[in-house]
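What follows is each chain in one-letter form.
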Amino acid sequence: MCCRVFPLPILDKAEGQPCKFLCASGCAIHDHRRPEVCRQYACYWLDHEEMPDEHRPDRIGAIVTESGWICVGGDVLPIFVLNQSEPESCRAPEAAAMVGDMVARGRVLLVIYGLAMQIVYDRSRYASISEAEIEVAFRYEQSQDALELKRLGVVDEDYRPLTWAEAEATVRDRP
Ligand code: SF4
C-alpha cells in the first residue's frame with residue numbers, strides 16, 4: 001500500500017501511482033537500492049503488534065501514519081494521517097471500526113485522498129477546538145521539517161517552513 005498510495009518525488013512517483021520498482025514479489029530493489037525513506041518508513045499497523053490482521057492497510061484500503069503531536073490552545077493532540085487508496089475507503093466496515101476506536105482514544109485523524117483532507121476527532125473531548133485550528137497547527141508543524149523531508153525526497157524542492165500566518169492563510173484562502 002505505501003508503495004502505491006504516497007507521492008514520492010525522489011522516485012518520480014505521483015500519489016496513488018504504483019512505484020516503478022514494484023514487482024510480483026514486492027520491491028525489486030529491496031535489499032540494496034531502495035531509498036532511505038522506504039527503509040525508514042513503517043505504518044502504524046506494522047509498528048504496533050497489537051493491531052489485528054484485519055486492519056492491515058491493503059485489507060482496509062487505508063494506511064495510517066503516526067505524525068507526532070500538535071498544540072492547539074492548551075491541548076496537545078496526537079495526530080495520525082490516514083491516506084485512503086480510494087475516496088471514502090475508510091468508510092469500509094473494518095476501516096471505520098479502526099477509525100472509531102482511534103478517535104475514542106483521543107486521537108485526531110487527518111483523512112486524506114488527493115487534495116481533500118477531512119479531520120476526524122472526538123468533538124466532545126476537544127470541544128473548544130475547531131477543524132481549522134487543527135489543520136493550521138498541523139500544516140505549520142509539518143512544514144518545520146521541510147529540510148529533512150526534502151533530504152528524504154518526499155516533498156518537492158519548493159516545500160519550505162511556513163510562518164504561522166502563512167499556515168493560517170493556506171487554510172483560510174483555500175478555494
Ligand atoms: S523503492 Fe521499493 S519500497 Fe520504495 S516505494 Fe518503490 S517499491 Fe516501495
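Here goes a summary of the coordinates provided. Since we're looking at a predicted model, the values are computed, not measured.

The rules behind each value
- Residues numbered from 1 in each chain as written.
- Predicted model: local features only at pLDDT ≥ 70, side-chain atom pairs only at ≥ 80, totals over all residues.
- Heavy atoms only, no water.
- Helix = DSSP H or I, 4+ residues; strand = E, 2+ residues; numbered from the N terminus.
- Buried < 20%, exposed > 50% of the residue type's maximum accessible area, 1.4 Å probe, protein only.
- Pairing = 2+ DSSP bridges.
- Right-handed = clockwise from strand over helix to strand, strands pointing away.
- Contact = heavy atoms within 4.5 Å.
- Phe/Tyr/Trp six-rings, centres within 6.5 Å; stacked < 30°, edge-to-face > 60°.

### Brief notes about unusual backbone geometry
1) Next: Positive phi values are uncommon outside glycine, yet Asp-12 reaches one of about 60°.
2) Next: Along the chain, Asp-12 turns up in the loop between helix H1 (2-5) and strand E1 (22-23).
3) Next: Classification of Asp-12 as exposed rests on a relative accessible area of 68%.
4) Next: In this model, Glu-88 sits at a positive phi of 70°, which is unusual for a non-glycine residue.
5) Next: Inspection of the secondary structure assignment puts Glu-88 in the loop between strand E4 (75-84) and helix H5 (93-104).

### Side note on the pairing of E4
1) Next: Where burial is concerned, most of E4 is hidden: eight out of the ten residues are buried.
2) Next: In terms of strand pairing, strand E3 (residues 62-72) meets E4 through nine bridges, oriented antiparallel. Residue Val-72 lies in a different strand from E4, and its bridge partner there is Asp-75.
3) Next: The antiparallel hairpin formed by E3 and E4 contains two residues in its connecting segment, where Gly-73 sits at a positive phi of about 60°.
4) Next: Pairing geometry for E4 and strand E5 (residues 108-113), over five bridges, is parallel. Bridge pairing links Asn-83 to Ile-112 in E5.
5) Next: A crossover connection joins E4 to the parallel E5 through H5; in handedness this β-α-β unit is right-handed.

### Overview of the side chain of Glu-135
1) Next: With respect to the helices and strands, the residue Glu-135 is situated in helix H6 (residues 131-143).
2) Next: Assessed through its relative accessible area of 4%, Glu-135 is described here as buried.
3) Next: Those residues in contact with Glu-135 that sit more than four places away from it in its chain are Met-117, Ile-119, Val-171 and Arg-174.

### Quick notes on the packing of aromatic side chains
By convention here, two paired aromatic rings are described through the distance between centres and the angle between planes.
1) Next: Taken as a whole and judged by the stated rule, the model has three aromatic pairs.
2) Next: Look at Tyr-44 and Phe-80: their rings are 5.4 Å apart centre to centre, the planes differ by 85°, and that puts the pair in the edge-to-face class. With Tyr-44 in helix H3 (residues 44-47) and Phe-80 in strand E4, this pair connects stretches of sequence that are 36 residues apart.
3) Next: Residue Tyr-44 is classed as buried on the basis of its relative accessible area, which comes to 2%.
4) Next: Judged by relative accessible area, Phe-80 falls into the buried class, the value being 3%.

Honestly, that's just the spatial picture; any functional story needs more than this.
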